[in-house]
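Results of the structural survey
These are the residues of each chain, in order.
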Amino acid sequence: MHASTTDLLNEIEQFSFHQSSDLDAFKNLFLGKKGKIAVLFEKLKDLPVEERKAFGAEVNRLKDVAQQKWTVFQQQTELLLDQDDQQKDFDFTLPDVPGRSGSRHPISLVKTEIVQVFERLGFNLALGPEIEDDWHNFTALNFPADHPAREMQDTFFISRSPDIALRTHTSSVQIRTMERLKPPIRSIAPGRVFRNEAISARAHCLFHQVEGFYIDRGVSFKDLKDTLYHFCKELFFKEIEIRFRPSFFPFTEPSAEMDITCLLCKGKGCNVCKQSGWVEIGGAGMIHPEVMRNCGIDPDEFTGFAFGMGIERITMLKYQIKDLRLFTENDVRFLNQFQAVT
Ligand code: PHE
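All of the points below concern the structure found in this document.

Rules and cut-offs
- Numbers given for residues are sequential positions, taken from 1 along each chain in its written order.
- Given that the model is predicted, a residue must reach a pLDDT of at least 70 before its local features are reported, and side-chain atom pairs must reach 80 or more before they are shown or counted; all residues, however, enter totals for whole chains, interfaces and linings.
- Based on all heavy atoms of the structure, the side-chain values leave hydrogens and waters out of the count.
- Under the DSSP-based scheme used, a helix requires at least four consecutive residues in state H or I and a strand at least two consecutive residues in state E, with every element numbered from the N terminus.
- Note on method: radius of gyration uses C-alpha positions; expected globular size equals 2.2 Å times residues raised to 0.38.
- For the exposure calls, accessible area comes from a 1.4 Å probe over protein chains only, and a residue counts as buried if that area is under 20% of its type's maximum, exposed if over 50%, partly exposed in between.
- Contacts are assigned to residue pairs that have any heavy atoms within 4.5 Å of one another.
- Only heavy atoms are used to decide nearness, and a residue is near a molecule or strand if one of them lies within 4 Å of it.
- Here a polar contact is recorded for every N or O atom pair within 3.5 Å, except that within protein the pair must consist of a potential hydrogen donor and a potential acceptor, and residues adjacent in sequence are included only if both atoms are side-chain atoms.
- The rule is simple: put a 1 Å grid over the protein atoms alone, call a set of points where a 1.4 Å probe fits but cannot get out a cavity, call an open set with protein on both sides within 12 Å along at least five of seven lines a pocket, and count a residue as lining if it has an atom within 4 Å of a point.
- Here the criterion for a molecule occupying a pocket or cavity is that more than half of its atoms lie within 2 Å of the pocket grid points.
- When residue character is reported, Ala, Val, Leu, Ile, Met, Phe, Trp, Tyr, Cys and Pro are called nonpolar, Asp, Glu, Lys and Arg charged, and the others, Gly included, polar.
- The pairing criterion for strands is at least two bridges between them, as found by DSSP.
- Axis angles are defined between N-to-C directions and span 0 to 180 degrees, where every axis is a line fitted to C-alpha atoms and, for a helix, only to the segment in contact.
- Should an angle lie under 35 degrees it is considered roughly parallel, over 145 roughly antiparallel, and from 65 to 115 roughly perpendicular; all remaining angles are considered oblique.
- When a carboxyl oxygen of Asp or Glu lies within 4 Å of a side-chain nitrogen of Lys or Arg, that pair is called a salt bridge.

Our focus in this paragraph is the overall build of the protein. The helix and strand tally for the protein stands at 12 helices and 10 strands. Scaling as 2.2 N^0.38, a compact globule of 342 residues should have a C-alpha radius of gyration of about 20 Å, whereas the protein reaches 41 Å, well beyond that. Dimensions along the principal axes, computed over C-alpha positions, put the protein at roughly 125 × 50 × 40 Å. Within the protein, the fraction of its 342 residues that count as buried is 42%. The contacts of the protein with a sequence gap of at least 6 include a subset with a gap of at least 24, amounting to 66%.

In structure tokens, the structure reads:
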């Protein structure tokens, strides 16, 4: 290569662009009519004929290199200028586009609130499996072998002998906790439960319960009533009436069903309370001595109460929801209404 073309190639390669005005500077210096490449072309005619062809090719290549380098930088500059323009057009004082924030499901909201009320009373949170064995769901809870709740029409079995099923109530967690801990125990266990029931406005095959129990020396039925009365006052923010009706569960003795004033009609009578003015929110009672023995707790030394409440029911009363199916339909018009509730 000719010395003058080599020097110029180096010079072109070393030229570095810093600002858009360098584009013109580069063009004038190398590519312009009086630029360095043009000067070399001028030299062409002074060369002997046999050298002209090779030299001409070298200078042409230089021209291509310079042109390419200029074009690359020119394109980058245009891009940057475009971005600058876009930023100039952007009004930072404009209000935000209202975002769509999610909301918590009403069942989750109420479940958390229930747990919080009991935690303030010294109850500990416990969780258990949704797929349960016969011992924890039935046998330890004193269900006789032929109890109807064990049958196919109520229970979703996963396998038979050994019987494994979707738990039909959260009382199974009561057993698991009693097996694990020594009294005094205060425990609260929310969770999903499953029963083979036809779906309607008042019933579903999947719902939520919260189980609670307290075992210590000298725990009485009065403690149960006081605790649940306090709970209702805390959860519904007002004095509401609560009543206990005698009932039966194999795992409690005596047993009761708990009703509270229907908050949808304020006790006047409506579809949800079947015109009675009362809504059942769960079952309760004193833990059966046999259940204590099954879990290694001496019923002569300790007594305890237990209760199980339906979270859907409580949520319906708290938020005036008339159809239980709304909870599982995932209709955003329903769910969005809970956005403001934390
Ligand atoms: N497990 C009972 C039910 O599902 C409710 C209950 C719990 C009753 C604890 C008494 C004590 O209906």
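Let us now look at the site of the ligand. Residues in close proximity to the ligand total 13 residues, the closest being His169, Ser171, Arg195, Gln209 and Gly308. A distance of 3.0 Å separates a nitrogen atom of the ligand from a polar side-chain atom of histidine 169. Within the side chain of glutamine 209, a nitrogen or oxygen atom sits 2.9 Å from an oxygen atom of the ligand. Judged by the fraction of its atoms near the pocket grid, the ligand is located in the largest pocket. Elements supplying a minimum of two residues to the shell around the ligand: strand S6 (206-216), strand S9 (278-287) and strand S10 (303-310). When residues in the shell around the ligand are grouped by element, the largest group, 3 residues, is from S10. Considering only residue class, the shell around the ligand consists of 5 nonpolar, 6 polar and 2 charged.

Turning next to the pairing of S10. In the case of a regular strand, side chains alternate between the two sheet surfaces. Among the 8 residues that make up S10, 7 are buried, leaving the element largely enclosed by the rest of the structure. Pairing of S6 with S10 involves 8 bridges; the strand directions are antiparallel. From the neighbouring strand, isoleucine 215 faces S10, where its bridge partner is glycine 304. As paired elements, S9 and S10 share 5 bridges and run antiparallel to each other. Residue alanine 284 lies in a different strand from S10, and its bridge partner there is phenylalanine 307.

Taken in spatial order, the 3 strands of this open sheet run S2-S4-S3, and their pairing is antiparallel. Of all the strands in the sheet, the pair left with one neighbour each is strand S2 (131-133) and strand S3 (157-159). This sheet shows a mean twist of 35 degrees between the axes of neighbouring strands, independent of strand direction.

Now for the packing of helix H3 (residues 36-44) against helix H4 (residues 49-89). Remark: H3 packs on H4, axes separated minimally by 10 Å, with the N-to-C direction vectors making an angle of 170 degrees. Considered as vectors, H3 and H4 are oriented roughly antiparallel to each other. Listed contacts from H4 to Ile37, Leu40, Phe41 and Leu44 of H3 are Arg52, Phe55, Gly56, Val59, Asn60, Leu62, Lys63 and Ala66. For the contact of H3 with H4, the per-class residue count stands at 8 nonpolar, 2 polar and 2 charged.

Turning to the sheet that holds strand S8 (residues 252-261), a few remarks are in order. Spatial strand order, S1-S5-S6-S10-S9-S8-S7: 7 strands in an open sheet with mixed pairing. Looking at the sheet topology across the chains shown, the edges are occupied by strand S1 (124-125) and strand S7 (242-249). This element, helix H8 (residues 221-236), spans S7, S8, S9 and S10 of the sheet and lies at about 35 degrees to S10.

Let us look at the pattern of salt bridges. As enumerated under the stated definition, the model contains 17 salt bridges in all. For lysine 318, the salt bridge identified is with glutamate 113, shortest N-O distance 3.3 Å. In this pair, lysine 318 sits in helix H10 (residues 311-319) while glutamate 113 sits in helix H5 (residues 106-120), placing the two residues 205 residues apart along the sequence. When the shortest N-O distance is used, the salt bridge between arginine 176 and glutamate 132 registers 2.7 Å. Here the residue arginine 176 occupies a position in helix H7 (residues 171-180), and glutamate 132 occupies one in strand S2, the gap between them amounting to 44 residues. Via salt bridges that share partners, Arg243, Arg245, Glu257, Asp259 and Glu280 belong to a single interconnected network.

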